[in-house]
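Structural overview
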Amino acid sequence: MANELTIGTLLESESAAPARLLASRMNRHTFWCGQSGSGKTYALGVALEQIMLHTRLPLVIFDPNSDFVKLGEIRDDAPEAEAAELRTRDIRVRHSTTGAGDPLRTRFLQMPLRSRAAILQIDPVLNPDDYNTMLRMETDISLIEDHDLVGFMRSHPDRIRHELAMRLENLGVAEWKLWAWGERSITDEIDELPDATVVDLGGFATQAESRAAALAVLDHLWENREQRIGRLIVIDEAHNLCTPEPATPVEKLLTERIVQIAAEGRKYGLWLLLSTQRPSKVHPNALSQCDNLALMRMSSPRDLADLSEVFGYAPESLLERSPAFTQGQALFAGGFVDQPSLVQMGARLTHEGGSDVKVPLR
Ligand SMILES: Nc1ncnc2c1ncn2[C@@H]1O[C@H](COP(=O)(O)OP(=O)(O)OP(=O)(O)O)[C@@H](O)[C@H]1O
Ligand SMILES: [Mg+2]
């Protein structure tokens with residue numbers, strides 16, 4: 001049935017009964033947790049493939065380790081019917097690694113003023129002159145030639161505009177390969193509602209550029225929330241983008257934005273799927289809004305105690321099985337399952353992007 005996403009088999013069932021998620025309940029926020037190597041990214045891929053097969057929910061996947069860049073490449077051993085169906089899906093991967101394929105680009109000048117200021121490390125209160133100059137420039141922005149923002153600011157007599165130009169250069173922001181200038185932006189792609197858009201954040205030279213890319217996409221999704229298009233926003237390694245302790249102005253905005261989507265996004269059809277290694281690494285106000293839980297192996301008693309506190313709907317007796325899970329085993333609880341259940345994840349239909357580094361043997 002279309003409403004049922006088959007993701008593997010039920011552990012301890014008589015004849016390996018299929019384990020299913022309810023597609024209709026993906027309209028909630030989901031938390032996907034497990035220690036490193038427990039198989040989160042692999043399992044997430046299994047679930048996303050099923051969502052693409054059985055729903056029309058557009059996926060926007062934030063991929064910090066380039067693990068999903070092969071989501072459009074079907075494995076030779078995938079069952080033919082599913083493989084054929086998946087081949088018809090519109091899966092767009094936008095890359096941050098140079099030369100890897102269609103590049104991930106976005107438009108600086110289309111980002112909200114607050115986000116542009118954060119990228120330039122300008123605070124409205126601590127740097128009032130700079131911020132105010134940016135604010136007053138807003139009406140001039142349409143005059144800026146596509147790729148010469150620095151030149152435009154230098155051509156003006158205002159000293160502070162010159163300083164802003166220097167800031168753009170000194171921070172290296174003007175040179176980021178992220179900027180689309182006149183080219184196509186990832187936000188244009190997302191607006192065309194592909195079945196999945198992979199936002200590959202793994203290949204940028206600096207963390208600042210990678211975080212700015214994520215902020216541009218999240219800002220865009222939030223700005224267009226009134227369209228009320230149901231979307232699943234998947235954030236692997238969510239602690240990167242929704243940390244309780246943001247260190248930079250951009251990280252602060254990212255955490256704020258994700259917490260806001262967690263709190264208010266549901267009614268606009270913005271549903272989060274946050275994946276991470278430890279619950280305490282994601283902002284508690286995002287965590288507490290998750291109605292679905294997928295838990296893979298986690299051996300830390302403290303982390304399990306945190307989970308049990310936040311996710312009251314996950315039975316204690318099942319949570320405590322988690323330290324004994326082998327790779328690919330998971331507990332599912334919350335609205336997207338009929339009842340809390342232990343699952344052995346099934347096989348991927350598409351290729352994984354990154355792979356573990358192997359120990360070289362002699
Ligand atoms: N169910 C599975 N079947 C086969 N291989 C798997 C399965 N789950 C995980 N693996 C393999 O184990 C390795 C680690 O899995 P994965 O990358 O999904 O872990 P992770 O929990 O996301 O780890 P991290 O937190 O470090 O990102 C990968 O090479 C993956 O191919
Ligand atoms: Mg992973």
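Read on for an overview of the structure. Nothing here was measured: the structure is a model prediction, and the numbers come from that model.

**Side note on the site of ligand 1**
The environment of ligand 1 is made up of 15 residues, and the closest members are Gly39, Lys40, Thr41, Tyr42 and Gly328. The biggest single contributor to the shell around ligand 1 is helix α1 (residues 40–54), with 3 residues. Tallied by class, the residues present in the shell around ligand 1 amount to 2 nonpolar, 10 polar and 3 charged.

**Some remarks on the packing of helix α8 (residues 207–223) against helix α9 (residues 249–264)**
The N-to-C vectors of α8 and α9 enclose an angle of 35°; their axes lie 10 Å apart at closest approach. α8 and α9 meet at a crossing whose hand is left-handed. Contacts between α8 and α9 involve Ala208, Arg211, Ala212, Ala214, Leu215, Leu218, Asp219 and Trp222 from the first element and Val250, Glu251, Leu253, Leu254, Arg257, Ile258 and Ile261 from the second. Of the residues assigned to the contact of α8 with α9, the class counts are 11 nonpolar, no polar and 4 charged.

**Examining the sheet that holds strand β7 (residues 231–235)**
Paired through backbone hydrogen bonds, the strands of a sheet run either parallel or antiparallel to each other. Spatial strand order, β2-β1-β11-β10-β9-β3-β8-β7-β4-β6-β5: 11 strands in an open sheet with mixed pairing. Each having just a single partner strand, β2 (18–22) and β5 (91–94) make up the two edges of the open sheet. Sheet twist, expressed as the mean angle between neighbouring strand axes with direction ignored, is 25°. Packed onto the sheet, α1 meets β1 (4–10), β2, β3 (29–33), β4 (59–63), β6 (196–200), β7, β8 (270–276), β10 (329–334) and β11 (341–345) and runs at close to 145° relative to β1.

**Quick look at the packing of helix α4 (residues 128–137) against helix α6 (residues 159–170)**
Interhelical geometry of α4 versus α6 gives an angle of 95° and a closest axis separation of 10 Å. Taken together, the axes of α4 and α6 lie roughly perpendicular to each other. Within the contact between the two elements, α4 uses Asp129, Asp130, Thr133 and Met134 and α6 uses Ile160, Arg161, Glu163 and Leu164. Within the contact of α4 with α6, the residues separate by chemical class into 3 nonpolar, 1 polar and 4 charged.

Criteria and thresholds
- Residues numbered from 1 in each chain as written.
- Chains lettered and ligands numbered in written order.
- Predicted model: local features only at pLDDT ≥ 70, side-chain atom pairs only at ≥ 80, totals over all residues.
- Near = placed C-beta within 6 Å.
- Helix = DSSP H or I, 4+ residues; strand = E, 2+ residues; numbered from the N terminus.
- Nonpolar A, V, L, I, M, F, W, Y, C, P; charged D, E, K, R; others polar.
- Axes fitted to C-alpha atoms, helices over the stretch in contact; angles between N-to-C directions.
- Left-handed = near helix turned anticlockwise from the far one by under 90°.
- Contact = placed C-beta atoms within 7 Å.
- Pairing = 2+ DSSP bridges.
- Parallel < 35°, antiparallel > 145°, perpendicular 65-115°, else oblique.

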